[in-house]
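Listed below, chain by chain, are the residues.
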Amino acid sequence: PSAVANRKDKADRATTEQVLDPRTRLILYKMIGRGVIFEVNGCISTGKEANVYHALSPEQAHIALKIYKTSILVFKDRDRYVTGEHRFRRGYAKHNPRKMVRLWAEKEMRNLKRLTEANVRCPEPIEVRENVLVMQFLSETEGWPAPRLKDANVPSELLPSLYAELLITVRTLYHVCRLVHADLSEYNILFHRSHLYMIDVSQSVEHDHPHALEFLRTDLTNVDEWFKKRGVQTLGLRKSFDFVVSSDESLELEKLALEKTLENWLSENPRSTPVFNESGDNSSSRTDSGVDHAQEDAVFRSSYIPRTLNEVVDPERDAEILRRGEGKSLIYDGVIGVAARPIKEVHEVETPKVGVERIV
Ligand code: ADP
Ligand code: MG
């Protein structure tokens with residue numbers, strides 16, 4: 001069969017997989033016309049919200065096409081990410097699925113750009129047209145996608161440094177890109193050329209999004225658990241959270257300085273477990289003194305979490321605010337006296353419904 005017929009055949013096959021409605025197909029044909037892509041190959045992932053295809057550029061470069069599905073139903077649980085986003089403030093076309101997925105695709109493009117600009121490892125974004133996002137295809141061997149961290153065969157001796165790399169990445173994401181991934185786990189990290197690459201950032205939120213710090217906590221829980229299970233001596237949830245959000249000026253955003261800090265923090269860790277234990281199961285070598293920060297982390301996991309960093313409970317500052325008679329602006333207004341208590345108890349206070357905007 002001719003190349004053209006062959007290509008048409010592939011497009012038709014893709015269409016029958018139901019993502020490619022006529023309009024999406026038209027977008028792809030236009031991309032072919034403009035020389036962005038040469039042909040669309042197989043589907044490498046079918047997800048709830050999008051499918052990912054392998055494509056080739058006219059120069060035979062490997063390309064990934066993330067094609068958002070235009071059916072509305074699967075998008076309803078996205079409300080949580082959208083609420084509080086400036087650009088979605090005026091409703092986000094809930095009634096118009098095409099418009100909605102377009103916003104998600106554009107958001108992923110924008111976020112990938114921010115990551116790229118901050119030198120965070122991720123697929124390089126190429127372009128977005130409606131529900132089709134074109135990006136670099138991360139490939140270990142010719143045309144085969146790099147494995148997800150979940151499926152990757154990571155050499156055990158690499159694990160501790162990958163853990164450090166990932167925490168530094170999350171911190172860079174937070175302070176430089178001003179984003180929280182919000183769906184970070186071994187499913188959305190690719191292992192490529194011995195490093196970790198962030199993917200799937202369409203739901204990532206601004207660092208001052210009303211739920212940003214909750215999302216961050218979940219992200220870091222996933223990271224901590226994954227590495228801990230594989231024998232890495234992790235910081236624990238609370239400390240890794242502090243590491244990421246700390247605005248300590250001395251924590252320069254230089255990779256080396258951060259690695260140093262992380263090293264120090266890790267060496268302060270009371271546990272005497274080896275950094276990595278070959279079997280990947282370090283349960284037997286755990287000491288009592290370092291029960292994995294389990295208790296501390298359990299408290300933290302169930303704690304009220306401030307909605308922005310400016311809300312972080314700072315007794316001195318808050319006492320000053322109270323003294324000025326401006327206590328109304330504090331998150332724990334109405335439960336005066338809480339300020340000096342541990343954060344756990346602040347948790348018992350319901351999160352205010354209407355935005356406590358920034359205090360300072
Ligand atoms: P979903 O919203 O469906 O989770 P993802 O962005 O996580 O979408 O992509 C789904 C899968 O497609 C990933 O787990 C990964 O295996 C593959 N994938 C996505 N982007 C790329 C890429 N740029 N290069 C290689 N594989 C990719
Ligand atoms: Mg994903």
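Since the model is a prediction, treat every value here as computed from it, not as a measurement.

**Re the overall build of the protein chain**
Looking only at helices and strands, one finds eleven helices and eleven strands in the protein chain. For the protein chain, the proportion of its 360 residues judged to be buried stands at 32%. Sequence-distant contacts in the protein chain: of pairs separated by 6 or more residues, those separated by 24 or more amount to 63%.

**Brief notes about the packing of helix α5 (residues 159-175) against helix α6 (residues 212-229)**
What describes two packed helices is the angle between their axes and the distance between those same axes. Look at α5 against α6: their axes get within 11 Å of each other, and the N-to-C directions meet at 175 degrees. Classified by the angle their axes make, α5 and α6 are roughly antiparallel. Contacts between α5 and α6 involve Leu-159, Tyr-163, Leu-166 and Val-170 on the former and, on the latter, Asp-219, Leu-220, Val-223 and Phe-227.

**What about unusual backbone geometry?**
Backbone geometry at Ser-194 places phi at a positive 65 degrees, although glycine is not the residue there. For Ser-194, the position within the fold is in the loop between β9 (189-192) and β10 (195-198). Ser-194 gets classed as exposed once you count the C-beta atoms within 10 Å, which come to 11. A positive phi angle is found at Asp-200, which is not glycine, with a value near 60 degrees. Checked against the element boundaries, Asp-200 lands in the loop between β10 and β11 (205-206).

**Observations concerning the UniProt feature "binding site: Mg(2+)" (unreviewed entry) in the protein chain**
The sites that carry the UniProt feature "binding site: Mg(2+)" (unreviewed entry) are, in the present numbering, Asn-188 and Asp-200. Overall, the presence of 20 C-beta atoms within 10 Å leaves Asn-188 in the buried class. Once you skip the residues sitting within four places of it in the chain, Asn-188 turns out to touch Asp-183, Ile-199 and Asp-200. Judged by C-beta crowding, with 24 C-beta atoms within 10 Å, Asp-200 ranks as buried. For Asp-200, the residues in contact, after removing those within four places along its chain, are Asp-183 and Asn-188.

**Quick look at the nonpolar core**
One finds Leu-65, Tyr-197 and Val-244 to be the most contacted residues of the largest nonpolar core, which totals 67 residues. Among the elements that take part in this core, helix α4 (residues 97-117) stands out by supplying eight residues, more than any other. Mapping this core onto the domain boundaries places at least three of its residues in each of domain 1 (3-145) and domain 2 (156-301). Other than its neighbours up to four places away in sequence, Val-244 contacts Leu-167, Val-170, Arg-171, Tyr-174, Leu-216 and Leu-220.

**Topic: the environment of Arg-230**
Locating Arg-230 in the fold gives a position in the loop between α6 and α7 (237-245). Placed 70 residues apart in sequence, Arg-230 and Pro-160 show a C-alpha to C-alpha distance of 9.7 Å.

**Regarding the sheet that holds strand β2 (residues 50-56)**
Pairing is antiparallel in the open sheet, where five strands are placed in the order β1-β2-β3-β5-β4. A strand with exactly one partner marks an edge of an open sheet, and here the two such strands are β1 (39-46) and β4 (125-129). Adjacent strand axes in the sheet meet at a mean angle of 25 degrees, parallel and antiparallel pairs treated alike. Alignment of β4 against strand β5 (residues 132-136), held across four bridges, turns out to be antiparallel. Bridging from a neighbouring strand, Arg-129 pairs with Val-132 of β5. Sheet strands touched by helix α2 (residues 22-33): β1, β3 (62-68), β4 and β5. Its angle to β5, the strand with the most contacts, is close to 40 degrees. Contacts from α4 reach β3, β4 and β5 within the one sheet, and its direction differs from that of β4 by about 165 degrees.

**Regarding the site of ligand 1**
Near ligand 1, the surroundings consist of 19 residues, among which Ser-45, Gly-47, Ala-64, Pro-123 and Asp-200 are the closest. Elements with a contribution of two residues or more to the shell around ligand 1: β1, β2, β3 and β5. Considered class by class, the residues forming the shell around ligand 1 number eleven nonpolar, four polar and four charged. Of the residues that make up the shell around ligand 1, three or more belong to each of domain 1 (3-145) and domain 2 (156-301).

**A closer look at the pairing of β5**
Counting buried positions over the five residues of β5 gives four, a clear majority of the element. Pairing of β3 with β5 involves five bridges; the strand directions are antiparallel. Looking across to β5, one finds that Ile-63 is bridged to Gln-136. As consecutive antiparallel partners, β4 and β5 are separated by two residues, and within that stretch Glu-130 has a phi angle of approximately 50 degrees, a positive value.

**Side note on the packing of α6 against α7**
Following both chains from N to C, one finds α6 and α7 inclined at 125 degrees, their axes separated by 9 Å at the closest point. With respect to their mutual orientation, α6 and α7 come out oblique. Of the two possible hands of crossing, α6 and α7 adopt the one that is right-handed. Facing α6, whose interface residues are Leu-216, Arg-217, Leu-220, Thr-221 and Asp-224, α7 presents Leu-237, Ser-240, Phe-241 and Val-244. Across the contact of α6 with α7, the residue classes tally to five nonpolar, two polar and two charged.

**Focus: α4**
For α4, spanning 21 residues, the distance from its first C-alpha to its last is 30 Å, which sits close to the expected 30 Å at 1.5 Å a residue. Among the residues making up α4, those that are buried are Met-100, Val-101, Leu-103, Trp-104, Ala-105, Lys-107, Glu-108, Met-109, Asn-111, Leu-112 and Leu-115. Tucked inside the fold, the buried residues of α4 contact β3, β4, β5, β8 (179-180) and β10. Where α4 terminates, the next one or two residues include Asn-119, which has phi positive at roughly 60 degrees.

The rules we used
Residues numbered from 1 in each chain as written. Chains lettered and ligands numbered in written order. Predicted model: local features only at pLDDT ≥ 70, side-chain atom pairs only at ≥ 80, totals over all residues. Helix = DSSP H or I, 4+ residues; strand = E, 2+ residues; numbered from the N terminus. Buried ≥ 20, exposed ≤ 12 C-beta atoms within 10 Å, placed from the backbone. Contact = placed C-beta atoms within 7 Å. Axes fitted to C-alpha atoms, helices over the stretch in contact; angles between N-to-C directions. Parallel < 35°, antiparallel > 145°, perpendicular 65-115°, else oblique. UniProt positions renumbered as here; feature names shortened; annotations may be inferred. Core = buried A, V, L, I, M, F, W, Y, C linked by C-beta atoms within 7 Å. Domains from an automatic or database assignment. Pairing = 2+ DSSP bridges. Near = placed C-beta within 6 Å. Nonpolar A, V, L, I, M, F, W, Y, C, P; charged D, E, K, R; others polar. Left-handed = near helix turned anticlockwise from the far one by under 90°. Expected span 1.5 Å × (residues − 1).

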